[in-house]
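Given next are the chains, with one letter for each unit.
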Amino acid sequence: MSTDLSSRIRDFIKSEAVLVIAAVAAVASMAAFPLTPATLSTYIGYIDMRTIGLLFCLMTVVAGLGRAGLLNAIRDWLMTRVGSARTLTFILINVVFISAMLVTNDVALITFVPLALALFMQATPRATIATVVAITFTANLGSMCTPIGNPQNIFLVSAFSMDLGAFFATVLPVGALSYLCCIALTLLVPTEHLEDVNRGETSPVRPRLLALYHMLFALCIACVGHAISWQLCCAAVAAACLVLDRRVFMSLDASLLVTFICFFVFVGNLKQIGSISSFIGGIMEGREVLVSALASQIISNVPAAIMLSGFTDNVQALLLGTNIGGLGTPIASLASLISLRIYARMPHAQTGRYLLWFCAINICLLALLLFIAFILF
């Protein structure tokens, strides 16, 4: 019994490492400011409820679009476009870049990395590795281009009440260059022929659910643009799903919401310690892009965005730093770990070679995009 419990705990820590770190950090910070009835209101004030509400709505809608069959329909369409390895990689890069902007980088990778591996089953290891690395890079940077593309964008836009015009003016120059870099990566893929693996089978699309989640998605976009309140958006999404598709709630990643709450508590308590707050603020001043990008290499970009947001008002630099900082090490963006895990499970995977390709390409592109960001800011 105890062995079984220990095994479950180890598995949980491995699968939810960021959540565990966030929870430990939050609890440790309570040593300086204990949670009591008198401090309860202060702790509640630490939590950015608008960010949590938006995350809940977007996660629900993305899960619903998956249940409606939209992502499977896109995969079926891609199955009919099998040709040369380089041509297919070019198509995948474009589809993943657009998908990541709308359904987040991790959902795009969960959907399209297994598809790429299936399509490249008979390809050489170089073609397979180059393609998976390319679409991982693409998902991480495509998601940068919209306020809903990844959790740190949702948080920063909400926490700083960032105007959408200012958001796009900040990310689109780097996003355009990032897209060109993604396309350039197709040159690393050999022009070998791929066999058609389509079996003529198509996945069903559920039109009513698709229409429902398209409407709810539009509602979320209106909330991001401050056209409606987050409270109204949450109420509408929750009510519609409870009535028409309550099973969607079983697909939600509740650990992400809990992780955000824990980091809010940790950062809130940290800001109460004057010496630490002054030290971090001093390091950040004038170096927001570099510090946030480097912090992302160690703790990943979502926690870095939450932690550093309490010590700077330069949201544009923090936005660029944490998004560009998703490149580099495999843990810089948790979405990159999705690709690594999926690839490592395939037969005859060359994980060491994959990591070499991944790190070499990502570090070079990280340096390039940081240089561009320094010129812009």
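Before reading further, recall that the structure is shown in the block above.
Residues numbered from 1 in each chain as written. Predicted model: local features only at pLDDT ≥ 70, side-chain atom pairs only at ≥ 80, totals over all residues. Heavy atoms only, no water.

Asks: Teacher, can you tell me more about the overall build of the protein chain here?
Replies: Across its full length, the protein chain holds 19 helices and zero strands. Taken along its principal axes, the extent of the C-alpha atoms in the protein chain is 65 × 55 × 50 Å. Of all intrachain contacts in the protein chain linking residues separated by at least 6 positions in sequence, the fraction that spans at least 24 positions is 81%. Accessible area for the protein chain stands at about 16,900 Å²; split by element, carbon and sulfur atoms hold 68% of it. Distance from the positive charge centre (19 side chains) to the negative charge centre (16 side chains) of the protein chain: 5 Å. (Helix = DSSP H or I, 4+ residues; strand = E, 2+ residues; numbered from the N terminus. Contact = heavy atoms within 4.5 Å. Areas by Shrake-Rupley, 256 points an atom, 1.4 Å probe, with all protein chains shown as cover. Lys, Arg positive; Asp, Glu negative; His and termini not counted. Charge placed at Lys NZ, Arg CZ, Asp CG, Glu CD.)

Asks: Which parts of the structure should I look at to understand unusual backbone geometry?
Replies: Glycine aside, residues mostly have negative phi, and peptide bonds are mostly found in the trans state. Although it is not a glycine, Ser161 adopts a positive phi angle of roughly 50 degrees. Along the chain, Ser161 turns up in the loop between helix H9 (151-159) and helix H10 (164-184). For Ser161, a relative accessible area of 53% translates into the label exposed. Positioned with a positive phi, His348 is a non-glycine residue whose angle comes to about 65 degrees. Judged by relative accessible area, which is 77%, His348 ranks as exposed. (Buried < 20%, exposed > 50% of the residue type's maximum accessible area, 1.4 Å probe, protein only.)

Asks: What exactly am I supposed to notice about the packing of aromatic side chains here?
Replies: How two aromatic rings sit relative to each other is given by the distance of their centres and the angle of their planes. This structure, assessed with the given rule, holds seven aromatic pairs. Residues Phe155 and Phe264 carry aromatic rings whose centres are separated by 5.5 Å and whose planes lie at 45 degrees to one another, so their mutual orientation is tilted. Pair noted here: Phe155 is in helix H9 and Phe264 is in helix H13 (residues 254-272), with a separation of 109 residues, a long-range link. Here Phe155 falls in the buried class, since its relative accessible area comes to 3%. Between Tyr354 and Phe358 the ring centres are 6.2 Å apart and the planes differ by 25 degrees, which places this aromatic pair in the stacked class. Taken together, the residues Tyr354 and Phe358, both in helix H19 (residues 351-376) and four residues apart, mark about one turn of the helix. On the accessibility criterion, Phe358 (2% relative accessible area) is buried. (Phe/Tyr/Trp six-rings, centres within 6.5 Å; stacked < 30°, edge-to-face > 60°.)

Asks: Whenever I open this one, the pattern of salt bridges confuses me. Can you help?
Replies: Here the idea is simple: oppositely charged side chains can pair when their charged atoms come close. A complete count under the given rule lists one salt bridge for this structure. Of the charged contacts, one joins Asp245 and Arg67 as a salt bridge, the two residues approaching to 2.6 Å between their closest N and O atoms. Of this pair, Asp245 sits in the loop between helix H12 (230-244) and H13 while Arg67 sits in helix H4 (residues 49-68), placing them 178 residues apart in sequence. (Salt bridge = Lys/Arg side-chain N within 4 Å of Asp/Glu carboxyl O.)

Asks: For this particular structure, what's the right way to read the packing of H4 against H12?
Replies: Between two packed helices, the angle of one axis relative to the other and the distance separating the axes together describe the packing. Contact pair H4 / H12: the axes reach a minimum separation of 9 Å and the direction vectors enclose 30 degrees. Regarding the angle of H4 to H12, the classification is roughly parallel. Read as a crossing pair, H4 and H12 show a hand that is left-handed. On H12, the residues that touch Met49, Arg50, Gly53, Phe56, Cys57 and Thr60 of H4 are Trp230, Cys233, Cys234, Val237, Ala238 and Cys241. Taken together, the residues of the contact of H4 with H12 break down into nine nonpolar, two polar and one charged. (Axes fitted to C-alpha atoms, helices over the stretch in contact; angles between N-to-C directions. Parallel < 35°, antiparallel > 145°, perpendicular 65-115°, else oblique. Left-handed = near helix turned anticlockwise from the far one by under 90°. Nonpolar A, V, L, I, M, F, W, Y, C, P; charged D, E, K, R; others polar.)

Asks: How should I be thinking about the environment of Thr111 in this particular structure?
Replies: Among the structural elements, Thr111 can be located in helix H7 (residues 105-119). Judged by relative accessible area, which is 8%, Thr111 ranks as buried. Considered as a pair, Thr111 and Leu71 are 40 residues apart in the sequence and their alpha carbons are 7.1 Å apart.

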